[in-house]
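# A closer look at the structure
Each chain, written out:
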Amino acid sequence: MSSKTLPLLFINLGGEMLYILDQRLRAQNIPSDKARKVMNDIITTMFNKKFLEELFKPQELYSKRALRTVFDRLAHASIMRLNQASMDKLYDLMTMAFKYQVLLCPRPKDMLLVTFNHMDAIRDFVRDSPSILNQVDETYRQLIEMYTPLSGGEFQLIRQTLLIFFQDMHIRVSIFLKDKVQNSNGRFVLPTSGPVPYGTQIPGLIRTFSCTGEEVNRVQFRSAGNYTAALREGSFEMHGDRVIKLGTNMYGVSRAVETHMSGTSRNSSQHTKVNTAPNPLAKKELNLLAQLMGGLDMQKPVGSDTSFRVNLFATDEEEEEALMSRPAELSYEVINIQAAKDQQTNAELARIMGEFADEGEPSATPSSKGDELLAMMDGL
Amino acid sequence: MYHKEKSIQIKSSASALYNNLSVLRIAPRCLTYFTVVHANVVNMVSASWDGLNFSHRQLQSKEGSIAASSSLIMQASWCVLPSRELLVLTSQKGIQMYESDGSIMVYWHALDTPETPTVVGVNISSAHPAQAVFARGIAAVQENFICVGVSTGFILVFDIPSKGSNIMLSEVLEEHRESITDMASECSGSLESVADLVTADDSGALCVWKSGEDFQLLNKIPGFEVCCSSVKLWKGTVAAGYGSGQIRIYEAVTGIVRAEVNAHARWIYSLDIAPFSGLLLSAAEDSLVQVWHLTVIPEANSVEIQHLYSECVTDTQICGAKFCDGEGHAFAVTGYDLSEIIRYTQE
């Protein structure tokens, strides 16, 4: 469908990831210099110039597995480590948050405002680092250049592409359940009140015209729903009031413990299907991933004395429990790259993997610290 | 006016695509067929009228000889011609036509697409135009034509023989400047109507056509920069649903607006007309399905529209809605992420 979907998917998921990590870093009282390094390193990696060049090229979306792999790597672009249960939970929270924003955005074009809300928050995270700010500003420019000329219909196609990507994901998130924007079956609540989208009239009026085009009659009808007039349009400039709140940070200080999440509803009539189709795309995916990894500017490996682990659960026990009890249909099956085989089939991937190998010792067994990229890829 | 009946379960949930429900009544066998698109799969259900028997089938978007691919389907619709009924699928790669029960693919038309960049090192920006490539908008016209829209704005006209697979691309209509969203043929069955096809695009522009050996453009109704996502043609009158939630009623040949309805609070996804009664069905992302009564009296030059009924499908962005019969006694609805077809019947 739309070949312009990936930048919005990546930036908004990345933005949600940063909100959650920022909240966890504060909740776990990580020293501020370390926390700032983590945020800066991840944002620097996200908006790496070469990486953005790849990202903004017209292309189909990656598979869920490939995208998950990209975010695994991004989350580990600094000195912070997440184990699998925390990474799963982080990814669930990110994806459900963005699914909610895509579903609820009033007009398809408002997805760009959602993206700017994420970008504005990211810009604020790195306000003291001029060089990273430059990268962020460059990304604004690319977003404006690519997306502001698009028609409503083209934005709707992007939105439909994203909704297919998020289809059948009904993970229940406690912050949404508490706010009553998600039902216990995992479906989001769609309000039938509030302001109509910009450019839409409140339902309820029928106007008829004569064959010469003059208005001859106006009749009101009673419409379900209780809508009010549209708000003003948000700003599509680099700076400005976006008006809509979707995509802003919902993990404020007061909601510091609100990341508890439950699995899918047991009585749900359908289960999230893991991509079970035979995979003629495996090679294509590897190629795409190779391109992306080529753009990712990876950190030098860090010593165990500086790295630290962040937990998305209240306690380590809870985290362990989550890993054991995770329903099979929710496993992400992160792409398993086997170095030896692929080195023969894909020179580019081999080159990139070669670069990674130079940074750490390739190992057949995954490192528990997860600080060796190649090992991490194999282990997932 | 309508009450909810037992839903029909489908094998996988509906994707958010315009007009994502097609209904075909097989009266001699007392069956109704439904199709709903899920990503790269079409869910087909045949339901007996007594509500006791359901049989399911899933069609994959096989692309000619290419092995199973990830190509997404944009629309599935039954096309009823006097001599035969075909199920037409449009996707990112092309157009597939099946026998109406989905058993045999009788025709495959590949879209003329640039190679998707999959190889590392290919200069993508020069090899790959920014515009998405897909087919969307399906209509059977008169005795022997099936028309299909393309994302470039072209309309492909296929000549369909009364049997067999010797289907030919007979004409390409190049009038629209933006992606085709939907199209519809005259459904009143009246032979007096001059216009027999209306086509719509992303900019809201509508083209009205007279079919024949060469299709003739009768009128082009300019858009107003709001996408027209669903369109119907009945008794020489066009009903068009827009991204702004409005419905507009036009005289097809003159293009004069006869009615403008602020119908929905969000993007309209589907319109349908019951040709024998003039009931008009509209459905949108605002979770509402509405039934209207359209009265067209050509002799008196009168066009009227009246609101009859609203139904809220709670927490569902509706993507497909169709009447199940020519009178509009029953209609069926699907929504994004929903694995069922919800049916409503008149009391």
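For every chain, the first residue of the written sequence is number 1, and numbering continues from 1 onward in sequence order. Labels are handed out in written order, letters beginning with A for the chains and numbers beginning with 1 for the ligands. The predicted origin of the model limits local features to residues at a pLDDT of at least 70 and limits the giving and counting of side-chain atom pairs to 80 or more, whereas totals for whole chains, interfaces and linings rest on all residues. With hydrogens and water stripped out, all remaining heavy atoms of the structure feed into the side-chain values.

Looking at an unreviewed UniProt entry, one finds chain B named WD repeat domain 54, with Paramormyrops kingsleyae as its source organism.

An unreviewed UniProt entry lists chain A under the name Organic solute carrier partner 1, with Paramormyrops kingsleyae as the source organism.

## Things to note about the pairing of strand 29 (residues 340-346) of chain B
Residue and element names in this part refer to chain B. Where we set the bar: Only strands joined by at least two bridges in the DSSP assignment are considered to pair. Elements are defined by DSSP. Helices are runs of H or I of four residues or more, strands are runs of E of two residues or more, and each kind is numbered from the N terminus.
In the sheet, strand 1 (residues 2-4) pairs with strand 29 via 3 bridges, with the strands oriented antiparallel. Within strand 29, the residue paired with Tyr 2 across the bridge is Gln 346. Both strand 28 (residues 330-335) and strand 29 contribute to a ladder of 4 bridges, which runs antiparallel. By the bridge assignment for strand 29, Phe 331 is matched with Tyr 344. Between the antiparallel neighbours strand 28 and strand 29 lie 4 residues, among them Asp 337 with a positive phi of about 70°.

## Examining empty space enclosed by the protein
Selection rule: With a 1 Å grid spanning the protein atoms alone, the term cavity applies to any set of points in which a 1.4 Å probe fits but cannot get out, the term pocket to an open set with protein on both sides within 12 Å along at least five of seven lines, and the term lining residue to any residue with an atom within 4 Å of a point. Grid points are joined across faces, edges and corners, and a volume is the space filled by probe spheres set on the points. Note on residue categories: nonpolar means Ala, Val, Leu, Ile, Met, Phe, Trp, Tyr, Cys or Pro, charged means Asp, Glu, Lys or Arg, and polar means any other residue, Gly included.
Enumeration according to the criterion identifies 3 cavities of 30 Å³ or more in this entry. Estimates place the volume of the second largest cavity at around 90 Å³. Leu 103, Arg 187 and Phe 188 of chain A together with Tyr 336 and Asp 337 of chain B are, among the 13 residues lining the second largest cavity, the residues nearest its centre. By residue class, the composition of the lining of the second largest cavity is 5 nonpolar, 4 polar and 4 charged.

## Some remarks on the environment of Gln 317 of chain B
Applicable threshold: Only protein chains enter the calculation, and the probe is 1.4 Å; a residue is then buried if its accessible area is under 20% of its type maximum, exposed if over 50%, and partly exposed in between. Residues count as neighbours in contact if any of their non-hydrogen atoms are within 4.5 Å of one another. Between N or O atoms, a polar contact is any pair within 3.5 Å; within protein, one atom must be a potential hydrogen donor and the other a potential acceptor, and residues adjacent in sequence are included only when both atoms are from side chains.
Considering the arrangement of structural elements, one finds Gln 317 of chain B in the loop between strand 26 (302-312) and strand 27 (318-323). Overall, the relative accessible area of 5% leaves Gln 317 of chain B in the buried class. Taking the C-alpha atoms as reference points, Gln 317 of chain B and Tyr 269 of chain B, 48 residues apart in sequence, are found 9.1 Å from one another. Excluding residues that lie within four positions of it along the chain, Gln 317 of chain B makes contacts with Leu 103, Arg 159 and Leu 190 of chain A together with Arg 266, Ala 284, Glu 285, Gly 335 and Tyr 336 of chain B. Within the structure, Gln 317 of chain B has its side chain in polar contact with the backbone oxygen of Leu 103 of chain A (distance 2.8 Å).

## Here's the deal with the UniProt feature "repeat: WD" (unreviewed entry) in chain B
The test is simple: UniProt positions are given in the numbering used here, feature names are shortened, and annotations may be inferred rather than shown by experiment.
Under the UniProt annotation, the feature "repeat: WD" (unreviewed entry) is placed at residues 261-294 of chain B. Between the C-alpha atoms that bound residues 261-294 of chain B the distance is 12 Å, and the span itself is 0% helix and 65% strand.

## Here's the deal with helix 5 (residues 84-104) of chain A
Here is the rule: One less than the residue count of a helix, multiplied by 1.5 Å, gives the span that helix is expected to have.
Across its 21 residues, helix 5 of chain A extends 30 Å between first and last C-alpha, which sits within 8% of the 30 Å expected from 1.5 Å per residue. By the criterion of burial, helix 5 of chain A is predominantly enclosed, with 20 of the 21 residues buried.

## Examining the pattern of salt bridges
Condition: Just to be clear on terms, a salt bridge is a Lys or Arg side-chain nitrogen sitting within 4 Å of an Asp or Glu carboxyl oxygen.
Scanning the model with the defined rule gives 27 salt bridges over all chains in all. Here Glu 285 of chain B ties to Arg 159 of chain A by a salt bridge, and the two come within 2.7 Å at their closest N and O atoms. Of the two residues, Glu 285 of chain B sits in the loop between strand 24 (279-284) and strand 25 (288-297) while Arg 159 of chain A sits in helix 8 (residues 152-165), which places them in two different chains. Judged on exposure class, the residue Glu 285 of chain B and its partner Arg 159 of chain A are both buried. Note that Asp 196 of chain B is salt-bridged to Lys 210 of chain B, the shortest N-O span being 3.9 Å. Highlighted residues: Asp 196 of chain B in the loop between strand 15 (180-185) and strand 16 (197-201) and Lys 210 of chain B in strand 17 (residues 206-210), separated in sequence by 14 residues.

## Things to note about helix 8 of chain A
With 14 residues, helix 8 of chain A extends 20 Å from end C-alpha to end C-alpha; this agrees with the ideal 20 Å at 1.5 Å per step. Counting buried positions over the 14 residues of helix 8 of chain A gives 12, a clear majority of the element.

## Overview of the layout of surface pockets
All names here are of chain B. Here the second largest pocket defines a volume of roughly 1,300 Å³. Taken together, 46 residues form the lining of the second largest pocket, with Val 80, Ser 185, Glu 186, Cys 187 and Pro 275 sitting closest to its centre. Listing elements by their share of the lining of the second largest pocket, those giving two or more residues are strand 3 (22-26), strand 7 (73-80), strand 11 (135-141), strand 15, strand 19 (228-234), strand 23 (268-274) and strand 27. Tallying contributions element by element places strand 7 first for the lining of the second largest pocket, with 6 residues.

## Here's the deal with the packing of aromatic side chains
So the rule is basically this: Only the six-membered ring of Trp is used, alongside the rings of Phe and Tyr, when aromatic pairs are assigned; centres must lie within 6.5 Å, and planes under 30 degrees apart are stacked while those over 60 apart are edge-to-face, with the rest tilted. Placement of a charge over a ring requires the Lys NZ or Arg CZ to be within 6 Å of the ring centre, with the centre-to-atom vector within 35 degrees of the ring normal.
Per the counting criterion, the structure on display carries 20 aromatic pairs over all chains. Their ring planes at 35° and their centres at 5.1 Å tell us that Tyr 100 of chain A and Phe 176 of chain A sit as a pair that is tilted. A residue pair is termed long-range when its members are at least 10 positions apart, and Tyr 100 of chain A in helix 5 and Phe 176 of chain A in helix 9 (residues 174-178) qualify at 76 residues. For the pair shown, Tyr 100 of chain A and Phe 176 of chain A are each scored as buried. Among the aromatic side chains, those forming a connected cluster through ring pairs are Tyr 2, Tyr 309, Phe 323, Phe 331 and Tyr 344 of chain B. Its end group placed over the ring of Phe 165 of chain A, Lys 64 of chain A keeps NZ or CZ at 5.3 Å from the ring centre.

## Some words on the side chain of Ser 22 of chain B
Residues and elements named next belong to chain B. Checked against the element boundaries, Ser 22 lands in strand 3. Given a relative accessible area of 4%, Ser 22 falls into the buried group. A distance of 3.1 Å separates the side chain of Ser 22 from the backbone nitrogen of Trp 78, its partner in a polar contact. Leave out the neighbours within four places in its chain, and Ser 22 touches Tyr 33, Phe 34, Thr 35, Ala 76, Ser 77 and Trp 78.

## Let's talk about the sheet that holds strand 24 of chain B
Residue and element names in this part refer to chain B. Defined as follows: In this analysis an axis means a line fitted to C-alpha atoms, helices contributing only their contacting stretch, and an angle means the value between N-to-C directions, from 0 to 180 degrees.
Read from one edge of the open sheet, 4 strands run 23-24-25-26, paired in antiparallel fashion. The outermost strands of the open sheet, each flanked by one partner alone, are strand 23 and strand 26. Put simply, the sheet's adjacent strands are angled 20° from each other on average, direction ignored. Pairing of strand 25 with strand 26, which is carried by 10 bridges, proceeds in the antiparallel orientation. Note that in strand 26 the partner of Trp 292 across the bridge is His 307.

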